[in-house]
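Residue strings, one per chain:
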Amino acid sequence: MAASRPGCFGYPLSIFFIVINEFCERFSYYGMRAVLVLYFKYFLSWDDNLATAIYHTFVALCYLTPILGALVADSWLGKFKTIVYLSIVYTIGQTVLSVGSINDMLDQNKDGVPDDPKIPIALSMVGLVLIALGTGGIKPCVAAFGGDQFEDHQEKQRTRFFSIFYLSINAGSLISTIVTPILRELQCGIHTTQQCYPLAFGIPAVLMAVALLVFIAGSTMYKKVEPQGNIMIRVVKCIVFAVRNRFKHRSKQYPKREHWMDWANEKYDKQLIAQIKMVLKVLFLYIPLPMFWALFDQQGSRWTLQATTMNGDFTVNPILIIIMVPVVDAVLYPLIKKCHINFTPLRKMTVGMLLAALAFVAAALVQIQIDKTLPVFPMDGESQIKVINLGNENAAIKFTDTLPPVNVASSASVCVVNNCRLYLTICICIMNSIVFKRVFCLLRFISNMNSTVNITMSNTVFTEVTYLSVTNYTAFKRGSMYEEMYVCLFNHQNLCNCQWLLFSFLFKCNNDSLSLGYVEDIEPNTINMAWQIPQYFIITCAEVVFSVTGLSFSYSQAPANMKSVLQAGWLLTVAVGNIIVLIIAGASKLSEQWAEYVLFASLLVGVTIIFAIMAYFYTYVDPAEVEAQFNEDENKREEKVPPAYTNGTGPVLQTQM
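Since this is a predicted model, take the numbers as computed values, not measurements.

This part takes up the overall build of the chain. When helices and strands are counted, the chain shows 19 helices and 19 strands. When burial is assessed residue by residue, the chain has 47% of its 657 residues classed as buried.

Structure below.
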């Protein structure tokens with residue numbers, strides 16, 4: 001008799017190690033992903049399109065590798081060893097990504113820029129590939145391994161375990177998506193300070209190492225089921241055989257069969273074929289679903305980049321998820337039921353897809369308002385000249401004989417004009433400067449003093465600022481400097497949260513008195529991030545009614561031994577959805593971001609119509625009832641076989657006349 005394993009409150013003690021492991025792993029994954037696209041843009045200096053493409057490639061890979069993990073676990077290593085080995089790979093990947101973001105290790109000349117930009121890019125890509133293998137490989141194993149810890153009579157405890165398990169996922173996601181952006185905002189570095197990506201990636205790496213150690217610590221308590229072969233392999237082999245057999249017998253001389261899977265009857269048992277038929281019906285409904293994920297996963301790419309052009313800071317999606325799931329289940333669905341509305345699972349999923357499209361319409365409306373406040377930068381080969389009239393009278397500025405004069409009203413911002421003297425502010429392609437993309441504010445000084453001066457500001461010295469000269473833009477980090485400055489500009493902290501800020505300080509002398517003023521070369525963003533709340537709220541509602549319902553529907557429509565096949569198919573729709581983003585974003589060539597949002601929304605509406613038609617013709621089944629009926633029919637067929645009896649000398653077959 002097997003020795004009893006330690007327990008606590010009726011639960012196997014081993015599951016507590018599994019729950020803690022899952023919390024730490026989800027913290028590691030979602031924490032890293034929360035700042036990943038910002039890392040691409042501001043540290044690796046990639047443009048928005050490249051950052052989006054690499055981000056969605058990474059997410060797609062994370063949802064393709066679970067199939068590999070399931071095959072390895074069920075056919076070779078078993079769940080425990082698969083989780084341990086791939087968690088090691090996962091931890092190494094997080095560590096490599098964190099090391100690649102340490103600027104001081106790659107900047108030997110201490111100029112604030114990596115000596116070879118290819119090194120951090122290579123380290124980042126290696127780290128992300130390892131992370132994708134790790135997180136995807138263990139995804140189908142951990143929950144199933146936790147379910148293996150329970151005995152057959154502990155079905156109630158097993159159900160509660162899965163509730164606690166998914167709560168740990170949401171808790172890890174919520175906490176990490178709040179903490180890691182805060183860590184990123186910190187300034188760190190030895191030679192040059194920068195946004196602290198090493199810490200933002202380092203903490204998730206530490207949490208993944210903790211997850212691995214906690215999981216190994218419970219090794220002696222686990223119930224480890226030996227690999228017994230993967231059902232997905234049997235399903236694929238059966239389908240391939242049916243297709244080949246049908247192709248061989250495509251001639252009209254062979255009678256047609258009720259279903260093309262019936263061509264596998266020569267080799268596979270009828271029960272397996274019947275189960276595959278039920279699974280294929282559900283997988284057929286999965287065909288339109290990737291379009292939903294194409295929109296949903298842009299929260300981490302396009303929507304995050306949209307937030308960088310806005311003012312403020314907030315994290316809302318994980319909080320909304322935790323709130324909306326119980327609200328929808330306990331309030332909304334019962335209310336709809338009382339109204340005698342037949343809100344079937346497929347109808348819920350249809351509504352979820354339409355809500356996701358509506359969320360992108362809301363994002364497009366916000367983007368239109370953002371575009372009105374964004375600065376207009378010069379195109380390649382162009383310069384941008386700003387004229388500021390500090391005089392008391394209107395002025396007409398003529399730059400060349402071929403261009404008409406520029407009229408500048410008194411106190412208006414168009415170049416520096418003081419006592420009829422002209423100063424030009426020329427910003428040529430400043431937006432392409434690597435240093436510029438990594439700082440909060442760039443300041444410079446314009447002197448109208450008759451003598452040469454030295455200006456000291458926050459330990460930075462502008463030496464020999466001569467008469468009628470303009471200093472270069474210089475980066476300043478946030479700190480006590482702002483509280484010490486008497487210029488009212490720095491009383492508004494939000495002005496220094498935007499990457500696009502450029503300031504000019506004007507020194508001028510009137511009647512032997514020195515005065516200081518400032519000019520905003522580029523105005524700060526004025527659209528607050530709170531305007532993103534409606535789109536996040538709508539897409540969270542879409543996730544609740546689509547994702548949760550979709551998984552529940554899929555599991556209810558498939559035999560018990562085929563649920564892993566459906567899980568693999570569901571994860572595959574997420575991967576394909578991210579690939580769709582790469583294809584559409586690369587092929588659309590739309591110059592306006594709001595137009596791309598509208599394009600995605602329109603495509604999803606079209607796909608939703610197709611899905612609604614498919615759902616209308618779908619017939620719900622009870623797999624348990626179908627299998628019971630199948631077994632009953634098999635028993636009846638066996639009863640028709642005459643039993644054997646003995647005549648004293650041996651068994652004799654009874655024959656029917």
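Turning our eyes to something else, we now look at helix α3 (residues 48-77). Taking 1.5 Å per residue as the helical rise, α3 with its 30 residues ought to reach 44 Å, and the 41 Å between its terminal C-alpha atoms agrees with that figure. Its side-chain oxygen placed 3.2 Å from the backbone nitrogen of Asn-49, Asp-47 serves as the N-cap of α3. At the C-terminal side of α3, Gly-78 shows a positive phi close to 90°.

A few words on unusual backbone geometry. Although it is not a glycine, Ser-45 sits at a positive phi angle of roughly 60°. Structurally, Ser-45 is set in the loop between α2 (36-43) and α3.

Summarising burial for α2: 8 of the 8 residues are buried, a large majority. Looking one or two residues beyond α2, the residue adopting positive phi is Ser-45, at roughly 60°.

This next bit is on the packing of α3 against helix α4 (residues 79-100). Two elements in contact, α3 and α4, have axes whose closest approach is 8 Å; the angle formed by their N-to-C orientations is 130°. By the angle class used here, α3 and α4 are oblique. α4 is crossed by α3, and the crossing has right-handed handedness. Touching Gly-69, Val-72, Ala-73, Asp-74 and Leu-77 of α3 are Lys-79, Lys-81, Thr-82 and Tyr-85, all from α4. Of the residues assigned to the contact of α3 with α4, the class counts are 4 nonpolar, 2 polar and 3 charged.

Residues shown with low pLDDT carry predicted positions that ought not to be read at fine detail. When pLDDT is averaged along the chain, the result is 75, and 71% of the positions lie at 70 or above. Averaged pLDDT values for the elements of the chain fall to 29 in helix α15 (residues 481-484) and rise to 95 in helix α11 (residues 290-296). Counted against residues more than four places away or in other chains, residues 411-441, with its pLDDT under 50, gives 111 contacts. Here residues 644-657 scores under 50 on pLDDT; set against residues more than four positions off or in separate chains, the count is 10 contacts.

Once that is clear, we can look at the state of the cysteines. Scanning all chains against the criterion turns up 1 disulfide. Shown here is the disulfide that connects Cys-188 with Cys-196, its sulfur atoms set 2.3 Å apart. Note on the Cys-188 and Cys-196 pair: the S-S dihedral is about 110°, so by sign convention the disulfide is right-handed.

This paragraph deals with the environment of Asn-230. One can find Asn-230 in the loop between α8 (197-217) and α9 (231-248). A relative accessible area of 4% means that Asn-230 is categorised as buried. Once residues within four sequence positions are removed from consideration, Asn-230 is found in contact with Ala-70, Leu-71, Asp-74 and Ser-75.

Here the focus is the nonpolar core. Counting 117 residues, the largest nonpolar core has Met-32, Phe-40, Phe-58 and Met-291 as its most contacted members. Looking at this core element by element, the count peaks at 10 residues for helix α17 (residues 563-588). Setting aside its immediate chain neighbours within four residues, Met-32 contacts Phe-27, Phe-58, Gln-94, Leu-97, Leu-128, Ile-131, Phe-201 and Pro-204.

For the structure shown, the criterion picks out 35 aromatic pairs. With a centroid separation of 6.0 Å and 65° between ring planes, the pair formed by Phe-241 and Tyr-268 is classed as edge-to-face. Of the two residues, Phe-241 sits in helix α9 while Tyr-268 sits in the loop between α9 and α10 (270-285), which places them 27 residues apart along the sequence. Take Phe-241: its relative accessible area is 24%, and that puts it in the partly exposed class. Given the relative accessible area of 16%, Tyr-268 is considered buried. Aromatic side chains Trp-303 and Phe-360 sit 5.3 Å apart centroid to centroid with 35° between the ring planes, which places their arrangement in the tilted category. One end of the pair, Trp-303, is in helix α12 (residues 302-308); the other, Phe-360, is in helix α14 (residues 345-373), with 57 residues separating them in the sequence. Accessibility classification places Trp-303 together with Phe-360 in one group, the buried group. Feature note: the residues Tyr-39, Phe-40, Phe-43, Trp-46, Tyr-197 and Phe-201 constitute an aromatic cluster, connected by ring pairs.

Bringing the pattern of salt bridges into the picture now. Scanning all chains against the criterion turns up 9 salt bridges. Across the pair Asp-297 and Arg-33 runs a salt bridge, and its minimum N-O distance is 3.9 Å. A residue pair is termed long-range when its members are at least 10 positions apart, and Asp-297 in the loop between α11 and α12 and Arg-33 in helix α1 (residues 14-34) qualify at 264 residues. Here Arg-257 makes a salt bridge to Glu-266, at a shortest N to O gap of 2.6 Å.

Residues Lys-237, Arg-244, Lys-248 and Lys-267 make up a contiguous surface patch of positive charge. Inspection of the secondary structure assignment puts Lys-267 in the loop between α9 and α10. Residue Lys-267 is classed as exposed on the basis of its relative accessible area of 56%.

A separate point is the side chain of Thr-549. Here Thr-549 is to be found in helix α16 (residues 533-556). Setting aside anything within four residues of it in sequence, one finds Thr-549 in contact with Tyr-333, Pro-345, Lys-348, Met-349 and Val-544.

As a further point, take a nonpolar patch on the surface. Taken together, Ile-178, Ile-182, Ile-319, Ile-323, Val-327 and Val-331 make up a surface patch of nonpolar side chains, about 470 Å² in accessible area. Those elements that provide at least two residues to the nonpolar patch are α7 (155-185) and α13 (317-338). Top element by residues in the nonpolar patch is α13. It accounts for 4 residues. Inspection of the secondary structure assignment puts Val-327 in helix α13.

Cut-offs applied
Residues numbered from 1 in each chain as written. Predicted model: local features only at pLDDT ≥ 70, side-chain atom pairs only at ≥ 80, totals over all residues. Heavy atoms only, no water. Helix = DSSP H or I, 4+ residues; strand = E, 2+ residues; numbered from the N terminus. Buried < 20%, exposed > 50% of the residue type's maximum accessible area, 1.4 Å probe, protein only. Expected span 1.5 Å × (residues − 1). Polar contact = N/O pair within 3.5 Å; in protein donor to acceptor, adjacent residues only side chain to side chain. Axes fitted to C-alpha atoms, helices over the stretch in contact; angles between N-to-C directions. Parallel < 35°, antiparallel > 145°, perpendicular 65-115°, else oblique. Left-handed = near helix turned anticlockwise from the far one by under 90°. Contact = heavy atoms within 4.5 Å. Nonpolar A, V, L, I, M, F, W, Y, C, P; charged D, E, K, R; others polar. pLDDT = per-residue confidence, 0-100. Disulfide = S-S within 2.5 Å. Core = buried A, V, L, I, M, F, W, Y, C linked by side-chain atoms within 4.5 Å. Phe/Tyr/Trp six-rings, centres within 6.5 Å; stacked < 30°, edge-to-face > 60°. Salt bridge = Lys/Arg side-chain N within 4 Å of Asp/Glu carboxyl O. Patch = residues over 30% accessible without salt bridge, like charges linked within 9 Å, V, L, I, M, F, W, Y side chains within 5 Å. Areas by Shrake-Rupley, 256 points an atom, 1.4 Å probe, with all protein chains shown as cover. Lys, Arg positive; Asp, Glu negative; His and termini not counted. Charge placed at Lys NZ, Arg CZ, Asp CG, Glu CD.

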